[in-house]
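Examination of the molecular architecture
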Amino acid sequence: MPRVSQDHLAARRRQIVDGARTCFARFGYEGATVRRLEEATGLSRGAIFHHFKDKESLFLALAEDDATRMADVVAEQGLVQVMRDLLADPDRSRGHAPGVDWLGTRLEVSRRLRTDAEFRERWAQRSQQLTTATRARLQWQRDSGNLRDDVSVDVLTSYLELVLEGLVSHLAMGLPSEHLEAVLDVVEESVRRYRAR
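Residues numbered from 1 in each chain as written. Predicted model: local features only at pLDDT ≥ 70, side-chain atom pairs only at ≥ 80, totals over all residues. Heavy atoms only, no water.

1. Section: the confidence of the model for the chain
- Summing up the model confidence of the chain, the mean pLDDT is 85 and the portion of residues at 70 or higher is 89%.
- Mean pLDDT across the elements of the chain bottoms out in helix α6 (residues 100-115) (77) and peaks in helix α10 (residues 180-191) (95).
- Note that residues 92-98 has pLDDT below 50 and, in this model, 19 contacts with residues that lie over four places away or in other chains. (pLDDT = per-residue confidence, 0-100. Helix = DSSP H or I, 4+ residues; strand = E, 2+ residues; numbered from the N terminus. Contact = heavy atoms within 4.5 Å.)

Laid out in structure tokens, this is it:
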């Protein structure tokens, strides 16, 4: 019997995660039934749960995948760029920035964090990646002399994460976004080191 290649297994896992992301974004965690996950991924429940222990493990894997993609952008360009990418093309679900499916996943993570203690504990083990990347980027900016030095990097990290959460909520509610690029300009200026002209 031929062995399945690692590339094939990775591609199958990617197919499951991508389909599940769309399903969770559209129907929420509870509404993403096994039947809907099968339809969204084009695979049987056996194929899906061969790669993931259960629905929660699948959800955590895709949320972690999204956090990794965001952390990559943060490491290169900062957390404000993640927010700019969301504003520039909130319907994009592939490429440099997370898109509308990511938005749905992020909202579902927030909801489950409030209502499910077991999920909160499992997510805490995985959620540090974005915070770590943001903190590292800000420290690099401080060491380069570009970041204000009257506020700790930890406080600035929390500040930017709160702005991201607010932006996610704003976009999810379908509120007007025409001035949000200018708002992000203000946010970016607020963390920069002031230089007298």
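So, next bit.
2. Observations regarding the nonpolar core
- Membership of the largest hydrophobic core comes to 27 residues, with the highest contact counts inside it found for Leu 79, Met 83, Trp 102, Leu 160 and Leu 164.
- If you list the elements that add at least two residues to this core, you get α4 (55-77), α5 (79-88), α6, α8 (128-143), α9 (153-172) and α10.
- At seven residues, α9 tops the list of elements feeding residues into this core.
- Membership of the second largest hydrophobic core comes to 21 residues, among which are Val 17, Ile 48, Ala 61 and Ala 63. (Core = buried A, V, L, I, M, F, W, Y, C linked by side-chain atoms within 4.5 Å. Buried < 20%, exposed > 50% of the residue type's maximum accessible area, 1.4 Å probe, protein only.)

3. What about helix α7 (residues 117-124)?
- Of the positions making up α7, those classed as buried are Phe 119, Arg 122 and Trp 123. Each buried residue of α7 lies within a common arc of 100° when the element is viewed along its axis, so the set occupies one face.
- Of the residues that open α7, the one with a side-chain oxygen 3.1 Å from the backbone nitrogen of Glu 118 is Asp 116. (Arc of directions from axis to C-beta. Polar contact = N/O pair within 3.5 Å; in protein donor to acceptor, adjacent residues only side chain to side chain.)

4. Some points on the environment of Val 153
- Structurally, Val 153 can be placed in helix α9.
- Taking the C-alpha atoms as reference points, Val 153 and Gln 141, twelve residues apart in sequence, are found 9.9 Å from one another.
- Filtering out sequence-adjacent residues up to four positions away, Val 153 remains in contact with Arg 135, Leu 138, Gln 139, Arg 142 and Leu 147.

5. Notes on the pattern of salt bridges
- Counted under the stated rule, the structure contains 18 salt bridges.
- Here Asp 66 and Arg 21 are joined by a salt bridge, their closest N and O atoms 2.8 Å apart. With a gap of 45 residues between them, Asp 66 in helix α4 and Arg 21 in helix α1 (residues 6-31) connect regions that are remote in the sequence. Considered together, Asp 66 and Arg 21 belong to a single accessibility category, that of buried residues.
- Between Arg 192 and Glu 188 there is a salt bridge, with the nearest N and O atoms lying 3.8 Å from each other.
- On the basis of relative accessible area, Arg 192 is assigned to the partly exposed category, the value being 40%.
- Residues joined by salt bridges that share partners form a network here, namely Arg 14, Asp 18, Arg 21, Asp 65, Asp 66 and Arg 69. (Salt bridge = Lys/Arg side-chain N within 4 Å of Asp/Glu carboxyl O.)

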